[in-house]
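Survey of secondary and tertiary structure
Residues per chain are reported as follows:
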Amino acid sequence: MGCSILDAISHNRDSQCNAPAVSSFEQTWSYSKLIDETERIARNLVRLTSPGDTIALVGQRDPSFVASILGIWQAGCVYAPVDRTLPLARQEKIIKSVDPSIVLYTGDSEPALAGHTLIPIAYARQSILDKEDHRINSSPIINEPFHSPAYMMCTSGSTGAPNAVLVSRGAL
């Protein structure tokens, strides 16, 4: 059936580890850095979630945001984007609609979203050390089937209420 996005990025890491993979106005990450950060996030998410869980991601588009999306997928979870520039009431409606197990967010300040487990991406990017030998645990790679959901996006349709739409991993 072809390879996944994670497989393709890993291949580029192996063949062009120092080449630019993702950039924003402020920073550029190589394939090597992108995969390292993705794996850190995935390791943390595996401890907090179960495969198939939905994780809302609130923030601005930058390399850590991209690594978070990939980390969510690598942990076997479903990514649900929430634009931080939307009015707070709209963000809350979207998050209620997607019913995430946790909400990851970028930026210095926690979003004002009541009733949700909020985790800053900076925390999710921290290394986890194995308590017994102080090495970073091996990366979890949860190979979800291509028909499994990869992300959930919300449309407003004619009602203005968020309607969640699932997109499969195979469609990416």
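Located above this text is the structure these notes cover.
The following paragraphs examine the structure supplied in this document.

What counts, and where the lines are drawn
Residues numbered from 1 in each chain as written. Predicted model: local features only at pLDDT ≥ 70, side-chain atom pairs only at ≥ 80, totals over all residues. Heavy atoms only, no water. Helix = DSSP H or I, 4+ residues; strand = E, 2+ residues; numbered from the N terminus. Buried < 20%, exposed > 50% of the residue type's maximum accessible area, 1.4 Å probe, protein only. Contact = heavy atoms within 4.5 Å. Areas by Shrake-Rupley, 256 points an atom, 1.4 Å probe, with all protein chains shown as cover. Core = buried A, V, L, I, M, F, W, Y, C linked by side-chain atoms within 4.5 Å. Salt bridge = Lys/Arg side-chain N within 4 Å of Asp/Glu carboxyl O. Pairing = 2+ DSSP bridges. Expected span 1.5 Å × (residues − 1). Arc of directions from axis to C-beta.

Brief notes about the overall build of the protein
- Counting secondary structure elements, the protein contains 5 helices and 8 strands.
- If you list the helices and strands of the protein from N to C, you get α-β-β-α-β-α-β-α-β-β-α-β-β.
- Counting over 172 residues, the protein shows a buried share of 40%.
- Relative to all contacts within the protein whose residues are 6 or more apart in sequence, the contacts with residues 24 or more apart total 59%.
- For the protein, the computed accessible surface area is about 9300 Å², with 51% contributed by carbon and sulfur atoms.

Concerning the nonpolar core
- Counting residues in each nonpolar core, the largest one holds 26 residues, and the members touching the most others are Leu-45, Leu-57, Ile-72 and Leu-104.
- Put simply, the parts of the chain that give this core at least two residues each are α1 (5–15), α2 (31–48), β3 (54–59), α3 (63–74) and β5 (102–105).
- The contacts of Leu-45, once residues within four sequence positions are left out, are Ile-55, Gly-71, Ile-72, Ala-75, Ile-102 and Leu-104.
- Among the nonpolar cores identified, the runner-up in size contains 8 residues, and Val-58, Val-103, Tyr-105 and Leu-118 belong to it.

Side note on the pattern of salt bridges
- Tallied over the entire structure, the rule returns 2 salt bridges.
- The partner of Lys-33 in a salt bridge is Glu-37, with the nearest N and O atoms 3.2 Å apart. With Lys-33 and Glu-37 both in helix α2, this residue pair falls 4 residues apart, about one helical turn.
- On the basis of relative accessible area, Lys-33 is assigned to the partly exposed category, the value being 33%.
- The class of Glu-37 is buried, set by a relative accessible area of 6%.
- The shortest N-O distance in the salt bridge between Glu-37 and Arg-40 comes to 3.0 Å. On the criterion of helical spacing, the pair formed by Glu-37 and Arg-40 is a turn pair, its members being 3 residues apart in helix α2.

Description of the pairing of β5
- Going residue by residue along β5, you find Ile-102 and Leu-104 tucked away on one face and Val-103 and Tyr-105 tucked away on the opposite face as well.
- Sheet analysis places β3 next to β5, joined by 4 bridges and oriented parallel. Bridge pairing links Ala-56 to Val-103 in β5.

Notes on α3
- With 12 residues, α3 ought to run about 16 Å at 1.5 Å a step, and its terminal C-alpha atoms sit 16 Å apart, in line with that.
- The element α3 is largely enclosed, with a buried count of 11 among its 12 residues.
- When we look at burial in α3, the residues that qualify are Pro-63, Ser-64, Phe-65, Ala-67, Ser-68, Ile-69, Leu-70, Gly-71, Ile-72, Trp-73 and Gln-74.
- Following α3 by one or two positions, Gly-76 adopts a phi angle in the positive range, close to 80 degrees.

Examining helix α4 (residues 88–98)
- Of all the residues in α4, the buried ones are Arg-90, Gln-91, Ile-94, Ile-95 and Val-98. Here the buried residues of α4 occupy an arc of 135 degrees about the axis, which is enough to place them on one side.
- Buried residues belonging to α4 abut β3, β4 (78–83), β5 and β7 (149–155).
- Following α4 by one or two positions, Asp-99 adopts a phi angle in the positive range, close to 50 degrees.

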